[in-house]
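Analysis of the macromolecular model
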Amino acid sequence: MLDWQMYGGLDLLADVAPLLEGAARWKTLLSVAEMRASIGTDAARLCAREAPEELRASLPEVVGDMAAAEDYESRLRAYEVLWLRIVLGSGNLAYRLAFNSLVAARHGDGVSGEIYAAEVEDLEAARDIADAIAAGQPEHAGAAARHMLDRTIAAAASLREQFEEA
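Residues numbered from 1 in each chain as written. Predicted model: local features only at pLDDT ≥ 70, side-chain atom pairs only at ≥ 80, totals over all residues. Heavy atoms only, no water.

The next point concerns the pattern of salt bridges. Throughout the structure, instances matching the rule amount to seven salt bridges. Between Arg-146 and Asp-150 there is a salt bridge, with its nearest N and O atoms 2.8 Å apart. A residue pair is termed a helical-turn pair when its members lie 3 or 4 positions apart in one helix, as Arg-146 and Asp-150 do in helix 9 (residues 138-157) at four residues. By relative accessible area, which is 32% here, Asp-150 ends up partly exposed. (Salt bridge = Lys/Arg side-chain N within 4 Å of Asp/Glu carboxyl O. Helix = DSSP H or I, 4+ residues; strand = E, 2+ residues; numbered from the N terminus. Buried < 20%, exposed > 50% of the residue type's maximum accessible area, 1.4 Å probe, protein only.)

See below:
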C-alpha cells in the first residue's frame, strides 16, 4: 500500500480529510487555510494584471450577489463564484485545479464552510478585492486578498485545542 501523503495529490483532500481525527485533522485544516491564502493572494494579483476587462469588471457584481444573499450558505456560494472568477482571471491552471480540489473538499465533509465565515461575512473586504482587480491594481488586490484570507488561518489556528481534545 502506498503512503498517501508521499504519493497522493491535492485531489485526495476531499476523501482523506473527513477520515482524519484530532491533531491530524486540525493540521490539515490549517494547511488548507495557509495554502488558500498563498494561492488566493497571487491569484488576485495576477487577475488584476492579466484578466480580460470583462471578467475584472464582473467582480463587483458578484460581491453584490453576496450582499443580497439571505443566508450564509447562499453567501458562501456567491463567495465561491467570486474566487472562481479570480482564479480563472489569474490564468494559472495549477491554481484552478487546486481551487477545484478545495471546493470539492468543502462540499464533502473534508472542510467545513463555517471556517470561512470571517471572509464570507466581510463584504467590505470582498468589495476591496473586487474593486482593486476591476481597477487593474495588482499589488492592492494581492494585499487585500491576503488580509482577508489570513482570517481563516487565524480561525483555523484558534481551533487547535478543540481538535486535540477530540
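The next point concerns the confidence of the model for the chain. Model confidence for the chain is summarised by a mean pLDDT of 89, while 95% of its residues fall at 70 or above. Within the chain, helix 2 (residues 13-16) has the poorest average pLDDT of any element, 72, and helix 8 (residues 123-134) the best, 98. (pLDDT = per-residue confidence, 0-100.)

Overall, the coordinates contain one aromatic pair when judged by the stated rule. Summarising the aromatic geometry, the rings of Tyr-79 and Trp-83 are spaced 6.4 Å apart at their centres and angled 75° between planes, so their arrangement reads as edge-to-face. Here the residue Tyr-79 and the residue Trp-83 both occupy positions in helix 5 (residues 72-90), the gap between them amounting to four residues, near one helical turn. (Phe/Tyr/Trp six-rings, centres within 6.5 Å; stacked < 30°, edge-to-face > 60°.)

Right, let's get into empty space enclosed by the protein. Applying the stated criterion to the full structure yields one cavity of 30 Å³ or more. One number sums up the size of the largest cavity: a volume of about 260 Å³. Looking at the largest cavity, it is lined by 16 residues, and the ones nearest its centre are Arg-36, Trp-83, Phe-99, Leu-102 and Val-103. Here the residues of the lining of the largest cavity are counted per class, giving twelve nonpolar, one polar and three charged. (1 Å grid on protein atoms, 1.4 Å probe; cavity = no way out; pocket = protein on both sides within 12 Å on 5 of 7 lines; lining within 4 Å. Points joined across faces, edges and corners; volume = space filled by probe spheres on them. Nonpolar A, V, L, I, M, F, W, Y, C, P; charged D, E, K, R; others polar.)

A separate point is the layout of surface pockets. Estimated volume of the largest pocket: approximately 340 Å³. Residue lining of the largest pocket: 16 residues in total, with Trp-4, Gln-5, Leu-13, Thr-28 and Ser-31 positioned closest to the centre. Counting only elements with at least two residues in the lining of the largest pocket, the list comes to helix 1 (4-7), helix 2 and helix 3 (22-50). Top element by residues in the lining of the largest pocket is helix 3. It accounts for six residues. Among the residues making up the lining of the largest pocket, the classes are represented as ten nonpolar, five polar and one charged.

This part is about helix 6 (residues 93-107). A rise of 1.5 Å per residue sets the reference length of helix 6, with its 15 residues, at 21 Å; its end C-alpha atoms lie 21 Å apart and thus fit the reference within 8%. Looking only at helix 6, the buried set comprises Tyr-95, Ala-98, Phe-99, Ser-101, Leu-102, Val-103, Ala-105 and Arg-106. (Expected span 1.5 Å × (residues − 1).)

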